[in-house]
2 protein chains.
Amino acid sequence: MSYPLYAAIAGVIGLLFAGYLAMSVLKEDQGTQRMKELSQAIFEGAMAFLNRQYRTLIPFAVIIFGALLYGNWGNQKLAWGQAISFLVGASFSAVAGYVGMTIATKSNARTTAAAMRGLNEALSVAFRGGAVMGMSVAGLGLLGVSVLYIVYQDAVIINSFAFGASVIALFARVGGGIYTKAADVGADLVGKVEAGIPEDDPRNPAVIADNVGDNVGDTAGMGADLYESYAATTIAAMLIGVTVFPGRLEGIFYPLLIGAAGLIAAIIASFFVRTTEDGNPQMALNKGLWGTNVLTAVATYFIAQSLFADIPASSAFPSGVPLGLTISVIAGLLVNVAIGWITEYYTSYNYKPAQHIASSSLTGPATNIIAGIGVGLKSTALPIIVIVIAIAVSYNYAGIYGIAMAAMGMLCTAGMVVAIDSFGPVADNAGGIAEMAELGPEVRKKTDKLDAVGNTTAAVAKGFAIGSAALTALALFTAFAEEVIKSPGVSSALHGGHLVLNLLEPKIIIGLFIGGTVPFLFCAFAMEAVGKAAFEMIGEVRRQFREIPGLMEGKAKPDYARCVDISTRAAIRQMIAPGLLAVITPLIVGFGFGAQALGGMLAGVTVAGVLLAIFMANAGGAWDNAKKYIESGKHGGKRTEAHSAAVIGDTVGDPFKDTAGPSLNALIKVTGTISLIIAPFLNL
Amino acid sequence: MSYPLYAAIAGVIGLLFAGYLAMSVLKEDQGTQRMKELSQAIFEGAMAFLNRQYRTLIPFAVIIFGALLYGNWGNQKLAWGQAISFLVGASFSAVAGYVGMTIATKSNARTTAAAMRGLNEALSVAFRGGAVMGMSVAGLGLLGVSVLYIVYQDAVIINSFAFGASVIALFARVGGGIYTKAADVGADLVGKVEAGIPEDDPRNPAVIADNVGDNVGDTAGMGADLYESYAATTIAAMLIGVTVFPGRLEGIFYPLLIGAAGLIAAIIASFFVRTTEDGNPQMALNKGLWGTNVLTAVATYFIAQSLFADIPASSAFPSGVPLGLTISVIAGLLVNVAIGWITEYYTSYNYKPAQHIASSSLTGPATNIIAGIGVGLKSTALPIIVIVIAIAVSYNYAGIYGIAMAAMGMLCTAGMVVAIDSFGPVADNAGGIAEMAELGPEVRKKTDKLDAVGNTTAAVAKGFAIGSAALTALALFTAFAEEVIKSPGVSSALHGGHLVLNLLEPKIIIGLFIGGTVPFLFCAFAMEAVGKAAFEMIGEVRRQFREIPGLMEGKAKPDYARCVDISTRAAIRQMIAPGLLAVITPLIVGFGFGAQALGGMLAGVTVAGVLLAIFMANAGGAWDNAKKYIESGKHGGKRTEAHSAAVIGDTVGDPFKDTAGPSLNALIKVTGTISLIIAPFLNL
């Protein structure tokens, strides 16, 4: 039983390290009074968003808490265990969100101030600011799972920890995605177009909401998303481990220890993140990521060796258990790397796809849009091939447990991935603050350099989030199949046999078709929601310009918090429809048509969801960078027809990459965690 | 053995009726000399396209012919039977294409001339002109399958008839889809924009190609597509019938007789298609469709009763075989009706979706595009629900054979559906000829009325084609599972058991992922191909304007045929990449990873392909009609910002609805027919 304790200790170390990073960031100089004010406004806006979001979720959480108690009432340990695990999973996500967002939004002005001193100083502040979120996510995820396991000693009980995480992630992704684009449109349309004031002007009531939006999407949304993947994968792997290694607990402990290894590796590798005055900050971040990967890979082998050396090779583990597991984890780590490269190829303007979109802009918006959609559709193939290879390799060396371990290998580095991803909005806001506070060009040059790196890391992290969602979904799918057999309705029909989801059964095909349709419908809802929330946001910004005297003259301060609150409420209200679609469909299919149909649906949601998510994320990223390519002076530069066309493409791409795409990750996983929770109640 | 003979006779009757219709149309007055010339040019263009297309396919056909011989060389009857069936399937498709296109393109000026006399006369000519394609498709399909069955008495041998049909359909859909949009862009961009001459001006070398394009897409493409669905469904149903009714042949005959019933019903119902001077031509066409549906439904029951009355009810047929089969066929017929309504709702500008896109155009092209994509994504849900209900109902009443019968019920009306669909381009061209020949407004009013109906029928036929492709794919999928067991590599591994495609096996999941990705990649290729072919077309049009002296002054005739040939060659060349992707992927997966992975891939291609096809067809249709809604005077009408935005949406929608969307049907089915052909050679 000492292994879960080691994992819990690693979680605590991660949190202590997050605390250390937070303190070190908060000690940094905040710069001028103006910079402080701007930073404070963004911080308040972010908190207003989180407050409203979590407040809205309380009734949902209470209903689910009650349902878990009620559904399992016959087994008091299970009932309370699941209900409490759910609450812990959800509240740890909220805690990570609060802590991470607080520090991230308090790091922006400090990064700007550090940029006055040097590039490495600025990089260091921004990275440490983002790493608090990364370490909190991984630390709380690992601590939660391992402590709950120590308490309940049953992976089935604690799987509602992942369910709690996934409900929060769904709301954080969809709500946050709607929010960030509504604020973006509100700030641009009313401020820039109607009122005629420049971008990032502090007189614009929505400017802070817009800056908050960056954090909401890339810090809070991504954090909740990967926290969920982390928790769900760990627990699914533990559930599969129970079956694969009957009679021994190492199959349960191994995922926890891999998580611990990844977290400690990330802490060590975070010290590699440093650059010189003329260096490339991207290289510094890469060193952090590669350091984490290599250290984890090495640790993986020794842990597997110490746990499984006594088990002989078998058909599931033809090269022996330790080597098989190590290869699986490394396959997952390599998926990270490969998807990062592929995403960069399809979205960066240094490569053909985005350049092709840029040159298609010369003949107008229609050809720009067609080219962008073409690039997005095409970009699905390579990531799928990478995922498929990882499945094949890990399965061949370590059976179904191997697939879960590949997912674990991908996700155990989440601490570093979230740290690097959260670095993006900090750098972006730092640039905005430098702009608004009218600092010298040598400062802006440094913040611009960091911002550019942040754009790349954001696109790469999106690829990571989707790829890991795919592997997590497969782990959940396998765990579902293991768990559903324990349902009396299923086991009696199967006469003790294994669950088979035969694609030739019409029930499964029906489930597959319905599952495939859900992501399409969900995307449509999410995109419509952006339109409606933007409409409400526009109303509020117009009202403030109209009703607050002296605002345009700079004599009065706009009500940033109210603006943020309005757009938050609009986002939360508009996310109800897609959220309910995601939560209710598996319940209808599972209880209405049975476990087989639900199994088919899980597969359909995963395949269609992953494909649509890759399509949307990469099309959006490529449109964005095609515009930036033209703005860099190509094809005539700004204020040309080509640029206007590229701006239209970028606008279409915004809800693709920042709302619908990322929300699909949450959809895929919440379908899996709900299915796992209701598995014991299903009929065949 | 007399039943297949009856089906063959029904096929001959269908062809005789097509001949009668053709003669009656050719007897009609062609109008003025100018009208004759224009019609002749379109006819020549269409033939130039078909000539080039079929010529290109000869080497492909020879390779496949050789491969079928070589692969089955050990069994001479099978080898020659499959090779010959393949050739017959492909050449009958070509014959239907030639005959149907000839009459359709010879009916346009005759329809215009008839419109001088009255609306019913014009409707009658246009409908008869289109019905030749409809009756040829159904007649040749039925004749081919039944005669080959009479000759070989083995459904396994003749399944390569469907394979031949599907290869032609793939090329017809992809090549035709690229062609029609390349010609459209070439005519618009060089003629209207660069040379400044009006739309449909006979001096524009691409104007005929543009008019040909309408026929190529909606007549030849749709005809080949539904001919393929018809053949593939009939044969798949026969293959399933062998297993479901062991020891008796009625399961093989029934699909043939349903086909015969549908064809005779369509012939009878075609006499219901008439209208009054003030009547609604849509109602006249609806009478034809409903007449076919009702007559077929009634016939279905009596045929089932006479074939299966002696078989007692069983678990697969809880209400007895005759009633179970009748319900299944009616379920298929109702899918037609329901998908027709749903498609009309999502694409017609009388309803909210297209109007929503139109009002989103007020805020520019970006919101127009986002709204259109939203509508397209949303429109996937209802058709899938309809298909899923049809699967559930037909399976509950008649087992897996019932699902094939639902597909058969949908497709046995193909004669009428293709007739109504081919009516569209005839009416469209008739309007263009009236315009170019400067006929009076009372004639144009009538042709406009017919053209408007043609737009609706085109959208509805697209829905029909996708829905039937989905059911056909399921029938092929089931037939594949039946056939693959006969492969030595599979049967030895299964030890005589049934094939199970367990979604929990990583091989199946890998197949599913790869299958899901293929439609995405295929769409990207198809959309890129349109861009490249349009580029070549533009070059040719520019060349003619530059090099033919006196062209702009109207003193010299442009070289329509060469323009058509150039764009045809460009289209054919550009379709190689998507075509090869479609043909080669199942071979790689099947031979490389085995029957299970291929089964998973079939499911993935079907689900993702159907969803993408519905999305693309409906988004494209809705964008088109949103533009027409604004042109009808709403939101300020033509020459407004909103109209420009709607034009951009329409341009994006063009390759969606006319290239990528329809090609996906062919992709889905060719994947199925290839899998069925290679089934006997696979390992598990």
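Residues numbered from 1 in each chain as written. Chains lettered and ligands numbered in written order. Predicted model: local features only at pLDDT ≥ 70, side-chain atom pairs only at ≥ 80, totals over all residues. Heavy atoms only, no water.

Trainee: Which residues make up the overall build of chain A, and what values do they have?
Mentor: Summing up its helical and strand segments, chain A has 20 helices and 0 strands in all. Taken over the C-alpha atoms alone, chain A extends approximately 75 × 50 × 45 Å along its principal axes. For chain A, the proportion of its 684 residues judged to be buried stands at 68%. Summarising the internal contacts of chain A: among those between residues at least 6 apart in sequence, 84% fall at separations of at least 24. Accessible surface, chain A as shown: approximately 21300 Å² in total, 63% of it carbon and sulfur. For chain A, the distance from the average position of its 42 positive side-chain charges to the average position of its 45 negative side-chain charges is 1 Å. (Helix = DSSP H or I, 4+ residues; strand = E, 2+ residues; numbered from the N terminus. Buried < 20%, exposed > 50% of the residue type's maximum accessible area, 1.4 Å probe, protein only. Contact = heavy atoms within 4.5 Å. Areas by Shrake-Rupley, 256 points an atom, 1.4 Å probe, with all protein chains shown as cover. Lys, Arg positive; Asp, Glu negative; His and termini not counted. Charge placed at Lys NZ, Arg CZ, Asp CG, Glu CD.)

Trainee: Can you break down the packing of helix α4 (residues 119-152) of chain A against helix α13 (residues 414-436) of chain A residue by residue, with the values?
Mentor: All names here are of chain A. In the contact formed by α4 and α13, the axes pass within 7 Å of each other and the chain directions differ by 135 degrees. As judged from the angle between their axes, α4 and α13 are oblique. α4 and α13 meet at a crossing whose hand is right-handed. Between α4, through Leu123, Ala126, Phe127, Gly130, Ala131, Met133, Gly134, Met135 and Ala138, and α13, the contact on the second element is made entirely by Gly415, Met416, Val418, Ala419, Ile420, Ser422, Phe423 and Val426. Grouping the amino acids of the contact of α4 with α13 by side-chain chemistry returns 13 nonpolar, 4 polar and no charged. (Axes fitted to C-alpha atoms, helices over the stretch in contact; angles between N-to-C directions. Parallel < 35°, antiparallel > 145°, perpendicular 65-115°, else oblique. Left-handed = near helix turned anticlockwise from the far one by under 90°. Nonpolar A, V, L, I, M, F, W, Y, C, P; charged D, E, K, R; others polar.)

Trainee: Would you mind going over the environment of Trp73(B) in detail, with residue names and values included?
Mentor: All names here are of chain B. Looking at where Trp73 falls in the secondary structure, it is placed in the loop between α2 (33-71) and α3 (76-115). Given the relative accessible area of 48%, Trp73 is considered partly exposed. Note: C-alpha distance between Trp73 and Asn293 (220 residues apart in sequence) is 44 Å. Contact partners of Trp73, with chain neighbours within four places excluded, come to Ala79 and Trp80.

Trainee: Let's hear about the nonpolar core: which residues, and what values?
Mentor: Soluble globular proteins: nonpolar side chains tend toward being buried together. Of all hydrophobic cores here, the largest spans 530 residues; its most connected members are Tyr254(A), Leu325(A), Leu503(A), Tyr254(B), Leu325(B) and Leu503(B). Sequence-distant contacts of Leu325(B), that is, excluding residues within four places in its chain, are made with Tyr254(B), Thr300(B), Ala304(B), Phe308(B), Phe317(B), Ala398(B), Tyr401(B) and Met405(B). (Core = buried A, V, L, I, M, F, W, Y, C linked by side-chain atoms within 4.5 Å.)

Trainee: Before we move on, can you summarise the environment of Phe65(A) with the specific residues and values?
Mentor: Residues and elements named next belong to chain A. As for its position among the elements, Phe65 is in helix α2 (residues 33-71). Taking the C-alpha atoms as reference points, Phe65 and Leu87, separated by 22 residues in sequence, lie 7.3 Å from one another. The residues touching Phe65, leaving out its near neighbours within four places in the chain, are Trp80, Ala83, Ile84, Phe86 and Leu87.

Trainee: Describe in detail the relation of the copies chain B and chain A, supporting the description with residues and values.
Mentor: After a rotation of 180 degrees and a shift along the axis of 0.0 Å, chain B superposes on chain A with an RMSD of 0.0 Å. With respect to symmetry, the two chain copies, as superposed, fit the operation of a two-fold axis. Measuring from the rotation axis to each C-alpha of chain B, the shortest distance belongs to Asn502(B), at 2.2 Å. A share of 100% of interface residues in chain B that are also interface residues in chain A marks the association as one of identical surfaces. (Least-squares fit on C-alpha atoms with pLDDT ≥ 70 in both.)

Trainee: How would you sum up the packing of aromatic side chains? Please name residues and give values.
Mentor: The full count for this structure, using the stated rule, is 46 aromatic pairs over all chains. Residue placement shows Lys106(A) over the ring face of Phe43(A); its charged tip is 4.2 Å from the ring centre. (Phe/Tyr/Trp six-rings, centres within 6.5 Å; stacked < 30°, edge-to-face > 60°. Lys NZ or Arg CZ within 6 Å of the ring centre and 35° of its normal.)

Trainee: Describe the UniProt feature "site: Determinant of potassium dependence" (unreviewed entry) in chain A, naming the residues involved and giving the relevant values.
Mentor: Residues and elements named next belong to chain A. Under the UniProt annotation, "site: Determinant of potassium dependence" (unreviewed entry) lies at Ala458. Within the element layout of this structure, Ala458 appears in helix α14 (residues 441-484). With sequence-adjacent residues up to four places away left out, Ala458 is seen in contact with Asp218 and Asp421. (UniProt positions renumbered as here; feature names shortened; annotations may be inferred.)

Trainee: Give a description of the pattern of salt bridges that names residues and reports values.
Mentor: Pairing is possible between side chains of opposite charge, provided their charged atoms come close. If you walk through the whole model with that rule in mind, you get 56 salt bridges over all chains. Between Asp201(B) and Arg203(B) there is a salt bridge, and its shortest N-O distance comes to 2.9 Å. Overall, the relative accessible area of 10% leaves Asp201(B) in the buried class. Three or more residues joined by partner-sharing salt bridges are found here, namely Lys181(A), Asp184(A), Lys462(A), Asp624(A), Lys628(A), Asp654(A), Lys657(A) and Asp658(A). (Salt bridge = Lys/Arg side-chain N within 4 Å of Asp/Glu carboxyl O.)

Trainee: Residue-level account of the interface of chain B and chain A, with values.
Mentor: With 57 residues of chain B at the interface, the matching set in chain A holds 57 residues. Taken together, both faces of the contact between chain B and chain A bury some 5100 Å²; the carbon and sulfur share is 87%. Sorting the residues of chain B by area buried against chain A places Leu504(B), Phe513(B) and Phe520(B) first, and these three jointly supply 15% of that buried surface. Where chain B packs against chain A, one counts 2 salt bridges. Between Lys378(A) and Glu528(B) there is a salt bridge, with the nearest N and O atoms lying 2.8 Å from each other. (Buried area = accessible area lost by both parts, 1.4 Å probe.)

Trainee: Tell me about helix α4 (residues 119-152) of chain B, and please be specific about residues and values.
Mentor: All names here are of chain B. The first and last C-alpha atoms of α4 sit 49 Å apart over 34 residues, in line with the 50 Å expected at 1.5 Å per residue. Where α4 bends most, the angle comes to about 30 degrees, and this point is Ala131. Most of α4 is tucked away: 28 of the 34 residues are buried. Where α4 ends, the next residue or the one after it, Gln153, has phi of about 55 degrees, a positive value. (Expected span 1.5 Å × (residues − 1). Bend = angle between axes of the 7 residues up to and from the residue.)

Trainee: Account for helix α7 (residues 250-269) of chain B, with residues named and values stated.
Mentor: With 20 residues, α7(B) extends 27 Å between its outermost C-alpha atoms, agreeing within 8% with the 28 Å of an ideal straight helix rising 1.5 Å per residue. Burial of α7(B) is extensive: 18 of the 20 residues sit out of reach of the surface.

Trainee: Any details on the packing of helix α5 (residues 155-195) of chain B against helix α17 (residues 560-574) of chain B? Residues and values, ideally.
Mentor: Residues and elements named next belong to chain B. The N-to-C vectors of α5 and α17 enclose an angle of 135 degrees; their axes lie 8 Å apart at closest approach. In this view, α5 runs oblique relative to α17, as classed from their interaxial angle. Taken as a pair, α5 and α17 cross one another with a handedness that is right-handed. On α17, the residues touching Gly175, Ile178 and Tyr179 of α5 are Val564, Ser567, Thr568, Ala571 and Gln574. Of the residues belonging to the contact of α5 with α17, the class tally is 4 nonpolar, 4 polar and no charged.

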